[in-house]
Amino acid sequence: MRQIALYGKGGIGKSTTSANLSAAFAENGLDVMQIGCDPKHDSTRMLMHGRWIPTVLEQMYERKDLEMDDVIFTGFGGVRCVEAGGPEPGIGCAGRGIIATFQLLEKMKALNGDVVVYDVLGDVVCGGFAMPMRDGYAQEVYLVTSGELMSLYAANNICKAIARLSERSTARCRLGGVICNSKNMDNERELVAEFSRLIGSKMVQFVPRDKAVQAAEVNQMTVIEHAPASPQADVYRGLAKTILANDDLRIPTALDLDELEKLARAYL
Amino acid sequence: MAGCTLTGALSVACFIPGAVAVVHAPEGCVHQTFSMLHAMMNDCDVSQIPEIIVSGIGDREVIFGGEDCLTAALDRAAALNPDLIFVVTSCVPETIGDDCGAVCSRHPYADKIIYVPTSGFLGGSAKDGENAVLTALASCVPLSQATPGTVALIGEKNLESEADQNYAEVERLLARLGLRVTVRFCRGCDAATLMHLGTAECFILRDDRCRPAADAIGERFGRPVVPEFPRGLSGCINFLNAVGHSCGIPEEKIAAAVQDELLYQDQMLEKFSGLTKKTICLGAEPFAGTSAVAREAMARLLMQENDSALPIKLPFYLPVGAAGVEKMLYLWRRAVNNG
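Residues numbered from 1 in each chain as written. Chains lettered and ligands numbered in written order. Predicted model: local features only at pLDDT ≥ 70, side-chain atom pairs only at ≥ 80, totals over all residues. Heavy atoms only, no water.

*Asks:* Please clarify how the overall build of chain A should be interpreted in this entry.
*Replies:* Tallying secondary structure elements over chain A gives eleven helices and eight strands in all. At 17 Å, chain A has a C-alpha radius of gyration in line with the 18 Å of a compact globule built from 268 residues. For chain A, the spread of C-alpha atoms along the principal axes amounts to about 55 × 45 × 35 Å. Out of the 268 residues belonging to chain A, those deemed buried represent 55%. Within chain A, counting contacts between residues at least 6 apart in sequence, those at least 24 apart form 77% of the total. Each charge sign in chain A was given a centre, from 29 positive and 34 negative side chains, and these centres are 3 Å apart. (Helix = DSSP H or I, 4+ residues; strand = E, 2+ residues; numbered from the N terminus. Rg over C-alpha atoms; globule rule 2.2 N^0.38 Å. Buried < 20%, exposed > 50% of the residue type's maximum accessible area, 1.4 Å probe, protein only. Contact = heavy atoms within 4.5 Å. Lys, Arg positive; Asp, Glu negative; His and termini not counted. Charge placed at Lys NZ, Arg CZ, Asp CG, Glu CD.)

*Asks:* Would you mind showing me how to read the layout of surface pockets here?
*Replies:* Residues and elements named next belong to chain A. Size it by volume and the largest pocket reaches roughly 550 Å³. Along the wall of the largest pocket there are 30 residues; nearest its centre are Ile 12, Gly 13, Lys 14, Thr 16 and Glu 217. Here the residues of the lining of the largest pocket are counted per class, giving nine nonpolar, eleven polar and ten charged. (1 Å grid on protein atoms, 1.4 Å probe; cavity = no way out; pocket = protein on both sides within 12 Å on 5 of 7 lines; lining within 4 Å. Points joined across faces, edges and corners; volume = space filled by probe spheres on them. Nonpolar A, V, L, I, M, F, W, Y, C, P; charged D, E, K, R; others polar.)

*Asks:* Mind showing me how you'd approach a negative patch on the surface here?
*Replies:* Judged by side-chain charge, A:Asp256, A:Asp258, A:Glu259 and A:Glu261 come together as a negatively charged surface patch. Checked against the element boundaries, A:Asp256 lands in the loop between helix 10 (231-245) and helix 11 (257-266). (Patch = residues over 30% accessible without salt bridge, like charges linked within 9 Å, V, L, I, M, F, W, Y side chains within 5 Å. Areas by Shrake-Rupley, 256 points an atom, 1.4 Å probe, with all protein chains shown as cover. Salt bridge = Lys/Arg side-chain N within 4 Å of Asp/Glu carboxyl O.)

*Asks:* Explain the pairing of strand 1 (residues 19-24) of chain B here, please?
*Replies:* Two faces, one strand: in a regular strand the side chains alternate between the faces of the sheet. All names here are of chain B. With six of six residues buried, strand 1 lies mostly within the body of the structure. Residues Ala 19, Ala 21 and Val 23 of strand 1 are buried on one face, and the alternating residues Val 20, Val 22 and His 24, pointing to the opposite face, are buried as well. Relative to strand 3 (residues 84-89), strand 1 is paired through six bridges, and the arrangement is parallel. Paired with Val 20 across the bridge in strand 3 is Ile 85. Direction of pairing for strand 1 relative to strand 2 (residues 52-54): parallel, over a ladder of three bridges. (Pairing = 2+ DSSP bridges.)

*Asks:* Hey, could you run me through the sheet that holds strand 7 (residues 202-205) of chain B in this one?
*Replies:* Each strand in a sheet pairs with another by means of backbone hydrogen bonds, the pair being arranged parallel or else antiparallel. All names here are of chain B. Ordered in space as 6-5-7-8, the four strands form an open sheet in which the pairing is parallel. The open sheet has two edge strands with one neighbour each: strand 6 (180-185) and strand 8 (225-226). Relative to strand 6, strand 5 (residues 150-154) is paired through five bridges, and the arrangement is parallel. Following the sheet pairing, Ala 152 is matched in strand 6 by Val 183. Sheet contacts for helix 10 (residues 211-221): strand 5, strand 6, strand 7 and strand 8; angle to strand 7, the most-contacted strand, approximately 180 degrees. (Axes fitted to C-alpha atoms, helices over the stretch in contact; angles between N-to-C directions.)

*Asks:* How do you make sense of the side chain of B:Asp207 when you look at a structure like this?
*Replies:* Residue and element names in this part refer to chain B. Structurally, the position occupied by Asp 207 is in the loop between strand 7 and helix 10. A polar side-chain atom of Asp 207 sits 2.7 Å from a polar atom in the side chain of Arg 209. Not counting the four nearest positions on each side in its chain, Asp 207 is found in contact with Pro 227 and Glu 228. (Polar contact = N/O pair within 3.5 Å; in protein donor to acceptor, adjacent residues only side chain to side chain.)

*Asks:* Can you help me understand the interface of chain B and chain A in this one?
*Replies:* Interface size, as often reported, equals the accessible area lost upon joining of the parts. Residue-level contacts link eleven residues of chain B with twelve residues of chain A. Both faces considered, chain B and chain A share a buried interface measuring about 970 Å² in area, 60% of it formed by carbon and sulfur atoms. Contact with chain A buries surface across chain B, with B:Arg60, B:Ile63 and B:Phe64 losing the most and accounting together for 60% of the total. The partner of B:Asp59 in a salt bridge is A:Arg96, and the shortest N-O contact between them spans 2.7 Å. On inspection of chain B and its partner chain A, the count reaches five residue pairs in polar contact (both at pLDDT 80 or more). The element best represented in the side of chain B that touches chain A is helix 3 (residues 59-64) of chain B, accounting for five residues. Looking at side-chain class alone, the side of chain B that touches chain A contains four nonpolar, two polar and five charged residues. (Buried area = accessible area lost by both parts, 1.4 Å probe.)

*Asks:* Looking at this structure, how should I read the side chain of B:Ser291?
*Replies:* Position of B:Ser291 among the secondary structure elements: in helix 13 (residues 290-300). For B:Ser291, the residues in contact, after removing those within four places along its chain, are B:Leu282, B:Glu285 and B:Leu314.

*Asks:* Could you clarify how one ought to interpret the UniProt feature "domain: Nitrogenase/oxidoreductase component" (unreviewed entry) in chain B in this entry?
*Replies:* When the UniProt feature table is mapped onto this chain numbering, "domain: Nitrogenase/oxidoreductase component" (unreviewed entry) sits at residues 4-286 of chain B. Annotated as 48% helix and 14% strand, the span residues 4-286 of chain B places its first and last C-alpha atoms 23 Å apart. (UniProt positions renumbered as here; feature names shortened; annotations may be inferred.)

This is the structure:
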């Protein structure tokens, strides 16, 4: 079983990328599970045709005798969809919620299949959100970033988390690569490729900005489902293929802030 | 006393007759904290079982916030119809963002709830917990006119050995000035008595460890704070002067009290004339200031100090007043006479 986690700055397009990646894996006949690790609980919505599925934490809050059908829902292509959920903003610990969710899924023996895709909260804000890495769930981490400085900053921070956690004997997480989700900036592809090289990794896919994404989302579907013949769908298929073939997993070296800013200036 | 703020806060809040302590924490925090207090209670022969209610933060509260379980704990406390409810917190609600102050203020029993944001380890040490409770409680005491001839004591410990002997010594000295203690804040005082704190002419601090609370209290009521109980013999004289001036006692009355005290001390020292000119070796100082008090007593008895002489243990706590010195000298005499 491959366990893949997508990390990156909030709003960078992790959920869109994750859902399309899961859809592309499913197209290949793989048994796929996608787990949204964000209190916003919108990771799997496009796979579920716009349905807000009940979150694991909501369900746990209500009752104790949960079964798989209460928290795992089947979406496009048979992708099994889970949303961890979380507390209201400003109270409680969403990181602990993620841990509780994983413990429940483990207890249910639900973490199985060919691929599990973890769509994790925007940035590694606390140990709880690093938990998929720390406890050996996220064995391959992919950073989703654009060429914007703050996106690179978040990606760079996640590199620090990977490097730190990879020192633990129980953690097996490694960086699989960087996905550039384009914001249509000048020199963006080159900038993200160079960033990837400097942290000791590689850019595994450049995802161009395309109206097909917005059109699919308006229709509450993934691009793979809504516009299967579109070039954008092929981009996601290409990403899935690259990831499946990728065995080049590394411990990254994060840049310091001066280096990061110098890099961003060089590609202005 | 070691531990986090919970330990210190509970050591004060638990022992106020008629009050209930609500601890917003996981059960384990209170178990561990109370284990320490229980050991100290045994040492001090205190058999009163405090009324403590724990909100019992668990996984669910950590994830979703624990405000509801604090409310439930307050309901349970209010059902006991206490005079006061103290709410103290561990580090968990601080970490997960519970607004405990808001929960307390909107509870039907709010008028009798004293919220102490101790925050467990995040709030500091046990000493900070003690200060936090004293300060929070004082802030609820109404402002009043001072009653002439009265003082209040601040920071006596509920689980302190020799506290009552020390109190008796302080009372003895205060009586020389015609003063009486109306509030021991907070040792054995019920809620109604504590509410008279603001009537004292001056506040006398047990020792420097509760200085933050004493400063806040002095400032709130606009009254002087005497910084500590008397340290040994000269400490008694300094104490009489400091308290006398703080309470506006006439100079001649203070001077008479000092003369009487010096005579009293001479008579007390006379009982230990057998120690005069003896040579001893003082042991390590367990409590800051103990050596100075001991050396002063030695000087009054013309005793000598020599590293090769009979080693003498210093008292574990700082001797309070002439009574503390007298107790110390009894032990020295036994050591000198018996080797």
